[in-house]
Every structure is written in structure tokens, then in C-alpha cells.
Amino acid sequence: MTYVLSIIGGQFGDEGKGKITDMLAKSADVVARSGGGNNAGHTIVKDGKKFAFHLLPSGVLYDHTINIIGPGVKLDPLKLLEEIEGLKKQGISPNLKISPRAHLIMDWHREFDKGAEARLGDQKIGTTGCGVGPSTEATANRKASLRAQDLASDDFPQKLRSVLNLLLTRLVEYHPSFKKFQKLSIETILRCEDKDLIDGLEDYAKKIEEMYLSAIKTLKPLVTEIISIVHDKKHKFLLGEGAQGAMLDPLLGTFPDVTSTHPTAGGMCIGLGIGPLDIDDVMGIFKAYETRVGSGPFETELFDQDGEKLRDIGREFGTTTGRPRRCGWFNLDEARYVCQINSISWITLTKLDVLDDFDSIKVLVDGRYKEFPGWNKDLGSCRDWEDLPSEAKAYIEFLKKELGDISIISVGPSVEQTIIMPAFKKRLESFKISIDF
Ligand code: IMP
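Starting from 1, residues in each chain are numbered consecutively following that chain's sequence as written. Where local features are concerned, this predicted model is filtered to residues with pLDDT of at least 70; where side-chain atom pairs are given and counted, the filter is 80 or more; whole-chain, interface and lining totals use all residues. By convention in this description, side-chain values take in all heavy atoms of the structure and omit both hydrogens and water.

Draft legend 1. Up close: the sheet that holds strand β11 (residues 330-331). Strands are treated as partners if at least two bridges between them are detected by DSSP. Note on conventions: DSSP H or I runs of at least 4 residues are helices, E runs of at least 2 residues are strands, and numbering of each starts at the N terminus. The strand order across the open sheet formed by three strands is β11-β13-β14, and the pairing between neighbours is mixed. Unpaired on one side and paired on the other, β11 and β14 (368-373) mark the two borders of the sheet.

Next up, the structure:
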């Protein structure tokens with residue numbers, strides 16, 4: 001029997017999923033990424049070495065773990081190659097399997113992403129510029145997308161040319177290599193009549209083939225059907241690793257300021273090829289306050305010294321883009337909605353220690369702020385619930401009453417700075433899983 005735990009971000013991403021996933025990955029047999037692309041990112045420190053991952057699942061540092069890039073992931077082959085090579089330099093060969101169904105992010109998607117954002121000006125989404133959105137558009141278009149199985153196939157050159165042909169007008173609009181054709185009429189471009197344009201397209205196709213040569217060589221042997229692995233009952237523990245956060249879901253989040261894959265529990269089902277009833281628990285990761293990068297509504301955003309203080313103490317700068325994150329108080333109204341739409345069964349609270357120096361802590365409840373007294377103590381050395389000051393306990397008890405059972409509380413960046421709640425330990429033990437870190 002397999003225990004399937006789905007980990008999802010409960011806010012706008014950057015909730016500190018990385019540390020929690022990494023901790024749990026150590027006990028997992030399978031760690032499977034279900035969505036997002038290299039727009040996500042987290043850093044893992046192991047044996048004093050720092051690893052920055054954007055695409056690789058969190059279990060790659062453990063020998064016993066099978067790591068899966070699921071059908072829902074937007075896969076940039078060049079970025080994945082970089083990450084794999086980075087690991088190999090450190091003497092690590094990850095046990096990685098890539099779903100043939102995962103759609104690719106190609107060179108042109110990055111250009112489309114940047115071009116579209118530049119055109120939107122003040123109205124821009126504030127994307128990470130990784131090309132995730134345009135790759136998802138291509139999935140919806142169907143004929144204009146390439147998948148991992150195409151990368152691994154001998155027909156790759158033909159498929160590449162067929163896709164590029166379909167994308168001709170957008171290439172001319174957004175890709176620097178095609179800028180010189182912007183003087184042509186739209187009819188000429190659409191009919192692909194111009195000799196220079198035909199040659200330009202072939203030159204670009206050849207350039208792409210060359211650019212992706214090493215990636216194809218490294219990734220081809222890793223492309224394999226993953227459905228039998230995620231459904232293999234001999235695995236004791238499958239960890240579904242979500243990216244971003246539920247409020248960035250294109251259907252359920254703050255549309256149009258959202259990402260393009262589905263960072264929700266439902267998204268994890270299609271992103272891994274599992275049904276809703278295959279999931280035993282959904283863990284929602286919430287920061288003890290809230291942050292957001294990019295544009296879009298953020299009800300509890302702070303524009304005062306408290307906001308700056310949260311950013312400074314919490315080191316709130318984007319892992320992928322380095323952008324300063326917008327900071328605000330915990331939004332309970334939003335968290336209730338997130339718990340509802342994801343069937344969250346366990347709440348994990350991260351970065352509680354960032355609130356150590358605040359005299360008062362606010363939470364948005366029913367459209368108004370409720371205030372809690374701060375604890376003005378360093379939580380970094382707390383290891384058990386009993387170690388927490390009464391004010392911190394009161395804050396967490398309130399969230400628990402409103403949202404549900406607490407599984408893990410993080411009180412600092414290192415793995416040791418973690419409180420695992422007895423009820424969650426018991427739940428894992430019922431599946432014969434013990435967490436050791
Ligand atoms: P995209 O996913 O690059 O298209 O960006 C769309 C929105 O999602 C922007 O507001 C990004 O800042 C946000 N976003 C994408 N990935 C992450 C992430 O990993 N953490 C936080 N925000 C993200």
C-alpha cells in the first residue's frame with residue numbers, strides 16, 4: 001500500500017515548500033513533480049553544499065528515491081540539462097524519470113514570454129520570463145507543442161519544423177532572429193512566400209537542433225512512462241511535489257495575475273496521472289504571514305515599516321528572479337478558501353520565527369484584522385510544541401481552529417529548526433513511515 005501525500009503551496013508560492021519537501025523526501029520512495037516549470041525554485045543545503053533546483057524533484061539527492069517529472073510539468077530541456085550537469089559535477093547521478101507527456105518549453109517560448117510582457121507595459125503579469133505561459137498556450141493549441149516524447153523520437157527534426165511553421169507570425173513578432181522580417185506584410189508571412197523568410201526559418205530550425213543536441217542525448221534515456229511507477233503499490237510513500245501556490249491557479253486563483261499550470265491538488269492529479277482518491281493527504285504549506293511576487297491583488301499587503309521588516313527578516317526575494325517580494329499579514333479568509341478548494345487535510349506553517357520581533361501580529365478574518373500579541377522571543381531553538389511561548393501557541397491554535405490540523409511548524413531555515421506535531425507523526429506511523437532528519 002502506498003501513502004500518497006500531496007504538497008501544495010497555500011498562498012502565492014514561495015511558502016517554503018522546498019525545506020518541507022526536502023525533509024519528507026528523505027523518507028519517500030518516489031518524489032514526483034506535478035506542475036510548474038523552471039519558474040519555481042528552491043535551494044537545498046546538504047552536507048554543507050548548496051544546491052539550487054528549479055525543475056528537479058526534491059528527492060534527487062537521495063540514492064533510494066525515484067524522482068519523477070510528471071506530465072503536468074513544463075519542461076525546459078536546456079535548464080534541466082544544466083541542473084543535471086550541476087549535480088554530476090558534485091558526483092551525484094540523479095535517479096530521474098521524465099514523463100513522455102510533459103510539454104516542452106523551447107527557446108522561442110522564452111522570447112514570446114518576454115515579448116508579450118514588454119507589450120503589456122503597465123498591465124504586465126510580472127511573469128518569471130521562463131516561457132511557462134507560452135508553452136501552456138501551445139498545449140492548448142495542440143498542434144504547436146512539442147512533448148518530451150518528441151524530444152526522444154527520431155522524428156524530432158520533422159516535428160520541430162512543423163511546429164515552427166505554425167508559429168511563424170509569432171516568431172516574426174517576438175523573436176530577435178526574425179526581427180528583420182517584420183517589414184514583410186502579414187499575408188506574405190502567413191503564406192510563407194518570402195525566400196529569405198523560408199531560409200531564415202530553416203536556419204533557425206538547424207540552430208535549435210544544434211542547441212538541443214546535448215539535452216536530447218542526456219534526457220532521451222530518462223523519458224519513460226511514469227504511470228506504472230506512481231501506481232506501483234510496492235512503494236510505501238509517494239510524495240507529490242507541487243510548485244507555486246494555489247492562489248496562482250489560472251482557474252481558481254487571482255486571474256489574470258496567475259501562472260498557467262495548476263498549483264492546486266486537482267492540478268496534481270492530472271499533473272501526475274493519479275485520481276483524487278489515490279491521494280491520502282493534502283498538505284497545504286502556508287507562511288505565518290504572506291508574500292507575493294509579480295502583479296495582482298494582495299489584500300493584506302503592507303506598504304509600511306512592518307512590510308519592510310518582514311521582507312528583511314524573512315529574506316523575501318525571489319529564488320528565480322531575485323525580485324523583492326511584496327509582504328503582508330496572514331489572510332485567513334483566503335486560507336479558508338484554499339483549504340476548501342484543495343481538500344487540505346494538514347496545515348504546515350513556515351517561517352514562524354520571522355515574526356519573533358513583532359509586538360503585535362495581525363490576521364485578516366472576515367474582512368477585518370484580528371490582532372495577536374507578539375512573543376518577542378527567538379523561536380529558532382524550539383523543537384517541540386511545548387517549547388513555544390504561549391503567545392505563539394495562541395496564534396497557531398487560532399489558525400488550527402479555523403483551518404484544520406497542524407502537521408509541521410518551521411522556525412528557521414535549517415532542517416533541525418522544525419517542529420513535527422505528534423498527530424502528524426502518528427498519521428505517518430500508521431503507514432509505517434518514520435521521518436528522520
Ligand atoms: P509565470 O509562471 O512565469 O508565467 O508567472 C506568472 C505569475 O506567477 C507571476 O506573478 C510570477 O511571479 C508568479 N510565479 C511563477 N512562479 C512562481 C514561484 O515559484 N513562486 C512565486 N510566484 C511565482
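Draft legend 2. How the structure looks around the sheet that holds strand β1 (residues 3-9). Within the open sheet, the nine strands sit side by side as β6-β5-β2-β7-β1-β8-β12-β15-β16. Their pairing is mixed. Each of the sheet's edge strands pairs with one partner strand only, and the pair in question is β6 (96-98) and β16 (418-420). In this sheet, neighbouring strand axes are inclined to one another by 20 degrees on average, regardless of whether the strands run parallel or antiparallel. Bridging between strand β12 (residues 346-350) and strand β15 (residues 406-410) involves three bridges; their strand directions are parallel. Bridging from a neighbouring strand, Ile347 pairs with Ile406 of β15. Axes, fitted as lines to C-alpha atoms, cover a helix only where it is in contact. Angles between the N-to-C directions of the axes lie from 0 to 180 degrees.

Draft legend 3. A look at the packing of aromatic side chains. Between the rings of Phe, Tyr and Trp (Trp by its six-membered ring), a pair exists once the centres lie within 6.5 Å; its type follows the angle of the planes, with under 30 degrees stacked, over 60 edge-to-face, and the other angles tilted. This structure, assessed with the given rule, holds 14 aromatic pairs. When the ring of Trp375 is compared with that of Tyr395, the centres are 6.3 Å apart and the planes differ by 45 degrees; the resulting orientation is tilted. Here Trp375 is found in the loop between β14 and α15 (390-403), whereas its partner Tyr395 is found in helix α15, with 20 residues between them in sequence. Accessibility assignment for this pair places Trp375 and Tyr395 in one class, buried. Put simply, the rings of Trp108, Phe178, Phe181 and Tyr204 pair up and form one aromatic cluster. Over a ring means this: the NZ of a Lys or the CZ of an Arg is within 6 Å of the ring centre and within 35 degrees of the ring normal. The ring of Phe358 has Lys309 sitting right over it, with the charged end atom 4.3 Å from the ring centre. A simple rule labels every residue: compare its accessible area, found with a 1.4 Å probe on the protein chains alone, to the largest value its type can have, and call it buried under 20%, exposed over 50%, or partly exposed in between.

Draft legend 4. How the structure looks around the layout of surface pockets. Roughly 260 Å³ of volume is contained in the second largest pocket. Both cavities and pockets are sets of points on a 1 Å grid over the protein atoms alone; in a cavity a 1.4 Å probe fits but cannot get out, in a pocket the set is open with protein on both sides within 12 Å along at least five of seven lines, and lining residues sit with an atom within 4 Å of a point. Taken together, 16 residues make up the lining of the second largest pocket; nearest its centre are Pro71, Gly72, Lys74, Thr261 and Ile270. Broken down by secondary-structure element, the contributors of at least two residues to the lining of the second largest pocket are α4 (132-141) and α12 (265-272). Split into classes, the residues belonging to the lining of the second largest pocket amount to three nonpolar, 11 polar and two charged. Grid points are joined across faces, edges and corners, and a volume is the space filled by probe spheres set on the points. Asp, Glu, Lys and Arg are counted as charged, while Ala, Val, Leu, Ile, Met, Phe, Trp, Tyr, Cys and Pro are counted as nonpolar; the rest, among them Gly, fall into the polar class.

Draft legend 5. Expanded view of empty space enclosed by the protein. Throughout the structure, instances matching the rule amount to one cavity of 30 Å³ or more. Estimated volume of the largest cavity: approximately 40 Å³. The wall of the largest cavity is formed by Ile8, Ser34, Gly35, Gly36, Gly242, Ala243, Gln244, Thr261, His262, Pro263, Thr264 and Met268. Ranked by the residues each element gives to the lining of the largest cavity, the list is headed by strand β7 (residues 237-245), at three residues. Looking at the lining of the largest cavity, its residues break down into four nonpolar, eight polar and no charged.

Draft legend 6. A look at the pairing of strand β8 (residues 281-287). Counting buried positions along β8 gives seven out of seven residues, so the element sits mostly inside the fold. Because side chains alternate across β8, one face comprises the buried residues Asp281, Met283, Ile285 and Lys287, and the other comprises Val282, Gly284 and Phe286, equally buried. Bridging between β1 and β8 involves five bridges; their strand directions are parallel. The residue bridging Leu5 from the neighbouring strand is Asp281, located in β8. Relative to β12, β8 runs parallel, the two sharing five bridges. Of the residues in β12, the one forming a bridge with Gly284 is Ile347.

Draft legend 7. Fine view of the site of the ligand. Near the ligand, the surroundings consist of 15 residues, among which Asp14, Asn39, Thr128, Thr259 and Arg323 are the closest. Under this definition, polar contacts are N or O atom pairs within 3.5 Å; protein pairs additionally need one hydrogen-donor-capable and one acceptor-capable atom, and for neighbouring residues in sequence, both atoms have to be side-chain atoms. Asp14 places a side-chain nitrogen or oxygen 3.1 Å from a nitrogen atom of the ligand. Between the ligand and Gly126 there is a distance of 3.4 Å, counted from an oxygen atom to a backbone nitrogen or oxygen. What sets the accessible areas is the Shrake-Rupley method with a 1.4 Å probe; for residues, cover comes only from the shown protein chains. Protein burial of the ligand: of its 470 Å² of free accessible surface, 96% is covered by the chains. In this text, near means that some heavy atom of the residue lies within 4 Å of the molecule or strand in question.

Draft legend 8. Structural context of the packing of helix α6 (residues 156-166) against helix α9 (residues 195-211). For the pair α6 and α9, the least separation of the axes is 10 Å and the interaxial angle reads 135 degrees. By the angle between their axes, α6 is oblique relative to α9. Seen from above, α6 lies across α9 with right-handed handedness. On α9, the residues touching Pro157, Leu160, Arg161, Leu164 and Asn165 of α6 are Leu201, Glu202, Tyr204, Ala205, Lys206, Ile208 and Glu209. Should an angle fall under 35 degrees it is taken as roughly parallel, and over 145 as roughly antiparallel, whereas 65 to 115 is taken as roughly perpendicular and any remaining angle as oblique. By convention the crossing between two helices is left-handed if the near helix lies anticlockwise of the far one by an angle smaller than a right angle, and right-handed if it lies clockwise. Contact criterion: two residues are considered in contact whenever any of their non-hydrogen atoms come within 4.5 Å of each other.

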